Amino acid sequence: MRTEVVSEPGRRERPNEDFAAVALPASGRGGCLVVLDGVTPPRETGCLHSVSWFTARLGGALTELTVSCPDLTLAEILSKAIARTAGAHAITCDLSHPRTPQATAVLVRWSADAVDHLVLSDSALLLETADGSVLPVLDDRLARLPRTLLATDELIDATLRNKEGGFFTAAADPSVADRAVTGSAPRERVRALAALTDGAARWVETFGEGDWAQCLGLVRKEGARGLVDRVRAMEEADRETRTHLGRSKTHDDATVVFAEL
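Residues numbered from 1 in each chain as written. Predicted model: local features only at pLDDT ≥ 70, side-chain atom pairs only at ≥ 80, totals over all residues. Heavy atoms only, no water.

K.L.:
I'm lost on the overall build of the protein in this one. Help?
P.N.:
Scanning the protein from N- to C-terminus turns up six helices and 10 strands. The C-alpha atoms of the protein give 18 Å as radius of gyration, which agrees with the globular expectation for 261 residues (18 Å, within 12%). Taken along its principal axes, the extent of the C-alpha atoms in the protein is 45 × 45 × 35 Å. Counting all 261 residues of the protein, 51% fall into the buried class. (Helix = DSSP H or I, 4+ residues; strand = E, 2+ residues; numbered from the N terminus. Rg over C-alpha atoms; globule rule 2.2 N^0.38 Å. Buried < 20%, exposed > 50% of the residue type's maximum accessible area, 1.4 Å probe, protein only.)

K.L.:
Mind showing me how you'd approach the sheet that holds strand 5 (residues 114-120) here?
P.N.:
Either a parallel or an antiparallel arrangement is found when strands of a sheet pair, and the pairing is made through backbone hydrogen bonds. Reading across from one edge, 2-3-4-5-8 is the order of the five strands in this open sheet, with antiparallel pairing throughout. Strands at the two margins of the open sheet, each flanked by one partner only, are strand 2 (18-23) and strand 8 (181-186). Looking at each pair of strands side by side, their axes are set apart by 5° on average, direction ignored. By the bridge criterion, six bridges tie strand 4 (residues 103-110) to strand 5 in an arrangement that is antiparallel. (Pairing = 2+ DSSP bridges. Axes fitted to C-alpha atoms, helices over the stretch in contact; angles between N-to-C directions.)

K.L.:
Any chance you could explain the sheet that holds strand 6 (residues 124-129) here in plain terms?
P.N.:
Pairing in this open sheet of five strands is antiparallel, and the strands run 1-10-9-6-7 from one edge to the other. In this open sheet, the two strands that pair with only one neighbour each are strand 1 (2-8) and strand 7 (134-138). Across the sheet, the mean angle separating the axes of adjacent strands is 10° when strand polarity is ignored. Lying on the sheet, helix 5 (residues 198-205) is in contact with strand 9 (190-196) and strand 10 (254-260); it crosses strand 10 at an angle near 80°. In the packing of helix 6 (residues 212-237) onto the sheet, the strands contacted are strand 1, strand 6, strand 7, strand 9 and strand 10, and the crossing angle to strand 10 comes to about 140°. (Contact = heavy atoms within 4.5 Å.)

K.L.:
I keep staring at the environment of Pro-174 and nothing clicks. Help me out?
P.N.:
Relative to the helices and strands, Pro-174 is located in the loop between helix 4 (153-159) and strand 8. Distance in space between the C-alpha atoms of Pro-174 and Arg-84 is 9.2 Å, their sequence separation being 90 residues. If near-sequence neighbours (up to four positions away) are discounted, Pro-174 is found in contact with Ser-79, Ile-82 and Ala-83.

K.L.:
Help me understand the packing of helix 5 against helix 6, please; the structure alone is not making it clear to me.
P.N.:
To describe two helices that pack against each other, one gives the angle between their axes and the distance between the axes. Between helix 5 and helix 6, the shortest axis-to-axis distance is 9 Å and the interhelical angle comes to 105°. The pairing of helix 5 with helix 6 is recorded here as roughly perpendicular in orientation. Here Gly-199, Ala-200, Ala-201, Arg-202, Trp-203, Val-204 and Glu-205 of helix 5 lie close against helix 6, whose contacting residues are Trp-212, Gln-214, Cys-215, Leu-218, Leu-227, Arg-230, Val-231, Met-234 and Glu-235. Taken together, the residues of the contact of helix 5 with helix 6 sort by class into 10 nonpolar, two polar and four charged. (Parallel < 35°, antiparallel > 145°, perpendicular 65-115°, else oblique. Nonpolar A, V, L, I, M, F, W, Y, C, P; charged D, E, K, R; others polar.)

K.L.:
Explanation requested: the layout of surface pockets in the structure shown.
P.N.:
With a probe scaled to a water molecule rolled over the atoms, the places where space remains empty come into view. Taken as a whole, the second largest pocket spans an internal volume of roughly 260 Å³. As for the second largest pocket, its lining consists of 17 residues, of which Arg-161, Asn-162, Lys-163, Ala-171 and Asp-173 are closest to the centre. For the lining of the second largest pocket, the class distribution of residues is six nonpolar, six polar and five charged. (1 Å grid on protein atoms, 1.4 Å probe; cavity = no way out; pocket = protein on both sides within 12 Å on 5 of 7 lines; lining within 4 Å. Points joined across faces, edges and corners; volume = space filled by probe spheres on them.)

K.L.:
Just to check I follow, could you spell out helix 6 for this structure?
P.N.:
Each α-helix winds once per 3.6 residues, and so residues spaced three or four apart point in a common direction. Taking 1.5 Å per residue, 26 residues should reach 38 Å; helix 6 reaches only 22 Å between its end C-alpha atoms and comes up short. Its side-chain oxygen at 3.2 Å from the backbone nitrogen of Ala-213, Asp-211 defines the N-terminal cap of helix 6. (Expected span 1.5 Å × (residues − 1). Polar contact = N/O pair within 3.5 Å; in protein donor to acceptor, adjacent residues only side chain to side chain.)

K.L.:
Honestly, the environment of Thr-66 in this entry has me stumped. Any pointers?
P.N.:
Mapped onto the elements, Thr-66 comes out in helix 1 (residues 51-68). Classification of Thr-66 as buried rests on a relative accessible area of 2%. In the structure, Thr-66 is positioned 25 residues away from Pro-41 in sequence and 28 Å away in space, judged by C-alpha atoms.

Below is the structure:
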């Protein structure tokens, strides 16, 4: 198999709040990938720790549990990882705050028999099947919400964030794992996959340069770095005019993980 990982901060002077990992168990059979996109808060979070601290903790727990606990489902692994991370700062921090550090999540585990996947919130997973078609796995609850409900951060936090009828992220509540989009496919039906945080997915979702199949084709041809470089170039070209709306900042952290199975 072949894997490639690129993760780049949106601004060099700020820490990257994304997390990416690819791991292989000691048996050499199967493997996993983890991609998290930390949610940048607009204000005080009630937590002493940074978003980067949170994604590193949660990502590390997810990677270890996915490799070491093949008997658990990915939702169970996410639940345990959230609980473990919450326990690391529950005494010092207010984890009930709606902006307590949190992240979107993509988790994939493959064995000799199956490829299992989990997606929570607006990062994307692309599965390339044996016949060359591409299946996007998306949790589109946030995208389907009326824009009027997203008018202010205060409105989002009060009515939508990690609430029924809204959208969900990995924060401090382990039960949110049950809200994730999950699935499984026979190993022989999946030949490659790509996981993208929304900073990299802008190529499709913001700039409309192609569909998901074309996005994965670009990563296969030009590599993960090629996709991130193209997104950065489009962001710069659109810096002043903001012809392409729907982005709150010029550059976002961008992560791409590509794996040929």
